[in-house]
Amino acid sequence: MTANRILITGGAGFLGSHLCERLLDEGNDVLCVDNFYTSTRRNIVHLLENPNFELMRHDVTWPLYVEVDQIYNMACPASPIHYQRDPVQTTKTSVHGAINMLGLAKRTGARILQASTSEVYGDPEVHPQTEDYWGNVNPIGVRSCYDEGKRCAETLFFDYQRQHDTEIKVARIFNTYGPRMLPNDGRVVSNFIVQALKGQDITIYGDGSQSRSFCYVANLVDGLIRLMNSRDGLTGPVNLGNPNEFTIRELAEKVLTMVGNGSRIVYKPLPQDDPTQRQPDISTARAELGWEPDIPLDEGLEPTIEYFRGIV
Ligand code: NAD
Ligand code: UDP
């Protein structure tokens with residue numbers, strides 16, 4: 001396969017940095033664009049010496065003029081604490097960012113993949129979630145800047161495809177975890193591991209019966225690359241996530257057992273609009289991409305715990 005010139009927006013983030021690494025390993029030229037809103041250079045510092053890697057500090061809410069063959073549009077704060085810190089900027093990043101990157105794809109003829117999210121299903125009434133489910137999203141709540149921003153970005157992707165024949169791919173990513181998550185971003189896997197490592201209380205929000213399905217980052221990145229390189233005309237949306245579902249209480253108990261530092265579980269109020277259950281139906285990804293996660297939660301938690309042991 002000939003090398004591609006690949007742009008990754010949000011390339012210094014948790015998922016973006018793993019994607020940069022994989023695409024460089026496969027012999028591509030990678031342009032990483034990031035404004036470091038929720039990341040630091042530490043995630044990609046080991047790539048800076050690679051002659052095929054280029055880093056550009058840039059905010060995707062502004063236009064970008066570069067020449068590329070493929071675009072992974074990953075830029076957007078992803079954890080509730082971060083995306084709620086400046087909600088107007090979150091919506092701008094999703095919507096203006098999508099318009100700018102789609103404009104770039106239109107001009108260059110590049111394929112463009114959108115990192116969408118299971119949050120487009122909101123608090124789902126269909127379980128597990130299939131891609132044809134339209135979702136149950138509160139348009140005016142504290143999560144709406146993210147959920148509705150991502151929904152509007154999907155609309156823009158499909159309108160660019162219909163109106164301008166842009167080659168689009170839309171991935172709906174479910175909860176993903178692994179090394180390089182930020183220790184203070186409030187997501188449940190990083191929170192529980194950091195709390196357990198420090199011997200602090202493990203904070204379960206609500207009664208812990210709400211569920212999530214956790215995918216290890218290496219599996220997710222593989223799914224994104226397969227989707228980007230899938231057959232012409234496969235636009236998605238395609239669910240990418242691990243269908244093995246756990247309650248938040250089960251996750252807390254697993255982390256406690258694996259870290260074993262004497263922490264106690266405590267219960268805190270459930271945040272507004274917190275979805276009660278979430279599990280991807282990945283039949284489309286299985287059939288179209290031949291993709292299925294093969295790293296179970298216990299196995300993926302080990303390197304994740306080791307990573308946090310090294311930084312907290
Ligand atoms: P992250 O916060 O680690 O990465 C996002 C990156 O985007 C950061 O490096 C941040 O600095 C950058 N960024 C934010 N606003 C920007 C802007 N205006 N211009 C340029 N860069 C900007 O989050 P992540 O977990 O790596 O998520 C990456 C993408 O995947 C996001 O779009 C997110 O919505 C999506 N996603 C992630 C998950 C998950 O579980 N991690 C689930 C669903 C969807
Ligand atoms: N959660 C929790 N304790 C924490 C952080 C999160 O019980 O310290 C819960 C949260 O209320 C939600 C689930 O874990 O029900 C997943 O939260 P996260 O923010 O990781 O992802 P999202 O809600 O966006 O799926």
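Residues numbered from 1 in each chain as written. Chains lettered and ligands numbered in written order. Predicted model: local features only at pLDDT ≥ 70, side-chain atom pairs only at ≥ 80, totals over all residues. Heavy atoms only, no water.

Peer 1: How do you make sense of the site of ligand 2 when you look at a structure like this?
Peer 2: Near ligand 2 there are 18 residues, and of these Thr203, Tyr205, Arg212, Asp274 and Arg278 occur at the shortest range. Note that an oxygen atom of ligand 2 is positioned 2.8 Å from one of the side-chain N or O atoms of Asn191. Relative to its unbound accessible surface of 520 Å², ligand 2 loses 95% to contact with the protein. Taken together, the residues of the shell around ligand 2 sort by class into seven nonpolar, five polar and six charged. (Near = heavy atom within 4 Å. Polar contact = N/O pair within 3.5 Å; in protein donor to acceptor, adjacent residues only side chain to side chain. Areas by Shrake-Rupley, 256 points an atom, 1.4 Å probe, with all protein chains shown as cover. Nonpolar A, V, L, I, M, F, W, Y, C, P; charged D, E, K, R; others polar.)

Peer 1: Quick question: what am I supposed to make of the layout of surface pockets here?
Peer 2: Rolled over the atoms, a probe sized like a water molecule indicates the empty space that remains. Approximately 230 Å³ is the volume attributed to the second largest pocket. Forming the walls of the second largest pocket are Val120, Glu131, Asp132, Tyr133, Trp134, Arg151, Glu154, Thr155, Phe158, Arg162, Arg172 and Pro237. Counting residues per element, the lining of the second largest pocket draws most heavily on helix α4 (residues 144–164), which supplies five residues. Taken together, the residues of the lining of the second largest pocket break down into five nonpolar, one polar and six charged. (1 Å grid on protein atoms, 1.4 Å probe; cavity = no way out; pocket = protein on both sides within 12 Å on 5 of 7 lines; lining within 4 Å. Points joined across faces, edges and corners; volume = space filled by probe spheres on them. Helix = DSSP H or I, 4+ residues; strand = E, 2+ residues; numbered from the N terminus.)

Peer 1: Can you help me understand helix α7 (residues 248–259) in this one?
Peer 2: Given 3.6 residues per turn, any residue in an α-helix points the same way as the ones three and four places further on. Taking 1.5 Å per residue as the helical rise, α7 with its twelve residues ought to reach 16 Å, and the 16 Å between its terminal C-alpha atoms agrees with that figure. Every buried residue of α7 is listed here: Ile248, Leu251, Ala252, Val255, Leu256 and Val259. All buried residues of α7 project into a common sector of 135 degrees when viewed along the axis, lining one side. Gly260 sits one or two positions beyond α7 and adopts a positive phi of about 55 degrees. (Expected span 1.5 Å × (residues − 1). Buried < 20%, exposed > 50% of the residue type's maximum accessible area, 1.4 Å probe, protein only. Arc of directions from axis to C-beta.)

Spatial relationships are all this shows, so hold off on functional conclusions.
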